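The residues making up each chain are set out below.
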Amino acid sequence: MKKYDVTALGELLIDFTENGKSGQGNPLFEANPGGAPCNVLAMLSKLGHKTTFIGKVGKDFFGQQLKEAISEVGICADYLFMDEEVHTTLALVHTYPDGDRDFSFYRNPGADMMLTEAELPLDVLQDTKIFHFGTLSMTHEGVRAATKKAVQTAKAAGAWISFDPNLRPPLWKSLDEAKEQVLYGLEYCDILKISDNEITWLTGEEDYSAGVAWINSRYHIPLVLVSMGKEGSRAYYQGNMVEVAPFLQENTIETTGAGDTFCGCVLHYICEHGLEGLTESGLKEMLVFANAAASVITTRKGALRVMPEREDVEDVISRA
């Protein structure tokens, strides 16, 4: 038995999301705790799993807010380091009328980039069932080295490796460099969660099944999840594909955190059932729950602090 169900490494930041206008007509922004890895852990914590996060924030007002936020939702914050010199990373989230969004980052540098190999809690990485990461912790050399050491340490100790590219083009010097690091993640992961636009960008294939075939001809990943937004989601496992329709909400506000919520629910299922002998009906059950949870988060501002309860998700499924 491992001490932790899921350990994640990466960015923890403030998402400034639009929240109306002032009396003078200026946009108002709400400082929501964010960052994909902790969003995933927050969903897992809601479902009763023991989670821990490895990362770095600034020793500033926002860093303290973030430490309190992840602790509040049940994520172990013992390995969240606070940088004395570099400020917490900030992101401005612009939401479009259809709920999709665009990001502007204040991260040159940001504290999440300052994590080093020497700070990694190797005992934690060796004592987790699943290790989850993305590419925002691979955009710069120092934190990239830390991420790769964490992946290799967890893998050597028998953890399943979960990877979500979570591509954010403005943070990369070039998309060629981004692709190189995504391919590194594919090489080591057992569970890949990738979005429709990411798989087309990476493989050049408009057909998602062809894109997955391109990936698996090179990397042989046991479980590949493709999130397709308003088109639902797919799971590819041992040569088979299961597709589940989305739960579309009339009161969707924004899509921030939907993919992370989905990913957290998938990891919840793997924690409970493992990666061996998954059935078509089991994969469908997993995707239905994950799609329903993702639909709930689109009706709420932010993500990390407002992940759905199990009852919320089951209610959406029962009403469909």
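Model, not experiment: these values are computed from the prediction.

What counts, and at which threshold
Residues numbered from 1 in each chain as written. Predicted model: local features only at pLDDT ≥ 70, side-chain atom pairs only at ≥ 80, totals over all residues. Heavy atoms only, no water. 1 Å grid on protein atoms, 1.4 Å probe; cavity = no way out; pocket = protein on both sides within 12 Å on 5 of 7 lines; lining within 4 Å. Points joined across faces, edges and corners; volume = space filled by probe spheres on them. Helix = DSSP H or I, 4+ residues; strand = E, 2+ residues; numbered from the N terminus. Nonpolar A, V, L, I, M, F, W, Y, C, P; charged D, E, K, R; others polar. Pairing = 2+ DSSP bridges. Axes fitted to C-alpha atoms, helices over the stretch in contact; angles between N-to-C directions. Contact = heavy atoms within 4.5 Å.

Caption draft 1: View of empty space enclosed by the protein. Within the structure shown, the criterion is met by two cavities of 30 Å³ or more. What lines the largest cavity is simply Glu11, Ala36, Pro37, His132, Phe133, Gly134, Thr135, Leu136, Asp164 and Asn166. If you list the elements that add at least two residues to the lining of the largest cavity, you get α1 (36-46) and β8 (128-134). It is β8 that contributes the most residues to the lining of the largest cavity, three residues altogether. Classifying every residue of the lining of the largest cavity gives four nonpolar, four polar and two charged. Considered as a void within the structure, the second largest cavity measures approximately 40 Å³ in volume. Ala42, Lys46, Val73, Leu304, Arg305, Val306 and Met307 together form the lining of the second largest cavity. Residue composition of the lining of the second largest cavity, grouped by class: five nonpolar, no polar and two charged.

Caption draft 2: Spotlight on the sheet that holds strand β9 (residues 160-164). Within the open sheet, the nine strands sit side by side as β5-β4-β1-β8-β9-β10-β11-β12-β13. Their pairing is mixed. What marks the edges here is a single partner per strand, and that holds for β5 (75-83) and β13 (240-244). Averaged over all neighbouring strand pairs, the angle between strand axes comes to 20°, with direction disregarded. Sheet analysis places strand β1 (residues 4-9) next to strand β4 (residues 51-58), joined by four bridges and oriented parallel. Directly across from Ala8, in β4, lies its bridge partner Phe53. Set on the sheet, helix α2 (residues 61-72) makes contact with β4 and β5; between it and β5 the angle comes to about 170°.

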